[in-house]
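The primary structure of each chain is shown beneath.
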Amino acid sequence: MARALVSVPARAKRGEVVEIKALISHPMETGYRTGPDGKLVPRDIIHRFLCTFEGEEVFSADLAPAISANPFLSFTLRAERSGVLTFRWLDDKGGGQVETASLVVDG
């Protein structure tokens, strides 16, 4: 799988709503495009994105072929305690990417 970038605030106050951003470099081949040889390019999309905080699911999305290449996702969560966010992308070829980021909560 390709490179993934995640953006999590370095610090947050307890109860603050924070924005989490995730971007992954991926071609998102729909399976409808023909290659130089005239044959269909096999479908290869990220079909599932999942984010957990200390093992508890906080956001998930099922993606479809209409999603553009290099999908970017953004969501919010309420920061109640410090912990680790785990980001998972799963693609049609059985591959995946996992990234983690720490969220530090003050107060």
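Residues numbered from 1 in each chain as written. Predicted model: local features only at pLDDT ≥ 70, side-chain atom pairs only at ≥ 80, totals over all residues. Heavy atoms only, no water.

- Under the annotation held in an unreviewed UniProt entry, the protein chain carries the name Thiosulfate oxidation carrier complex protein SoxZ and is attributed to Alsobacter sp. KACC 23698.

1. Focus on the overall build of the protein chain
Part 1 of the reasoning: When helices and strands are counted, the protein chain shows zero helices and eight strands.
Part 2 of the reasoning: Tracing the protein chain from N to C terminus, the helices and strands come up as β-β-β-β-β-β-β-β.
Part 3 of the reasoning: Computed over C-alpha atoms, the radius of gyration of the protein chain comes to 16 Å, more than 25% over the 13 Å expected from 2.2 N^0.38 for 107 residues, which places it beyond the range of a compact globule.
Part 4 of the reasoning: Across its three principal axes, the protein chain shows a C-alpha extent of roughly 60 × 20 × 20 Å.
Part 5 of the reasoning: The burial tally for the protein chain puts 36% of its 107 residues in the buried class.
Part 6 of the reasoning: When the accessible surface of the protein chain is summed, it comes to about 6,300 Å², and 51% of that surface belongs to carbon and sulfur atoms.
Part 7 of the reasoning: Treating the 13 positive side-chain charges of the protein chain as one cloud and the 14 negative ones as another, the clouds have centres 3 Å apart. (Helix = DSSP H or I, 4+ residues; strand = E, 2+ residues; numbered from the N terminus. Rg over C-alpha atoms; globule rule 2.2 N^0.38 Å. Buried < 20%, exposed > 50% of the residue type's maximum accessible area, 1.4 Å probe, protein only. Areas by Shrake-Rupley, 256 points an atom, 1.4 Å probe, with all protein chains shown as cover. Lys, Arg positive; Asp, Glu negative; His and termini not counted. Charge placed at Lys NZ, Arg CZ, Asp CG, Glu CD.)

2. Some details on the environment of Lys93
Part 1 of the reasoning: Position of Lys93 relative to the elements: it lies in the loop between β7 (83-91) and β8 (96-106).
Part 2 of the reasoning: Spatially, the C-alpha atoms of Lys93 and Ile46 are 9.0 Å apart, while their sequence positions differ by 47 residues.

3. Some details on the sheet that holds strand β2 (residues 11-13)
Part 1 of the reasoning: Within the open sheet, the five strands sit side by side as β2-β8-β7-β4-β5. Their pairing is mixed. At either margin of the open sheet sits one strand with a lone partner, and together these are β2 and β5 (56-62). Each strand of the sheet is rotated relative to its neighbour by a mean of 25 degrees, with strand direction disregarded.
Part 2 of the reasoning: Both strand β4 (residues 46-53) and β7 contribute to a ladder of seven bridges, which runs antiparallel. Bridge assignment links Leu50 to a residue of β7, and that residue is Arg88. (Pairing = 2+ DSSP bridges. Axes fitted to C-alpha atoms, helices over the stretch in contact; angles between N-to-C directions.)

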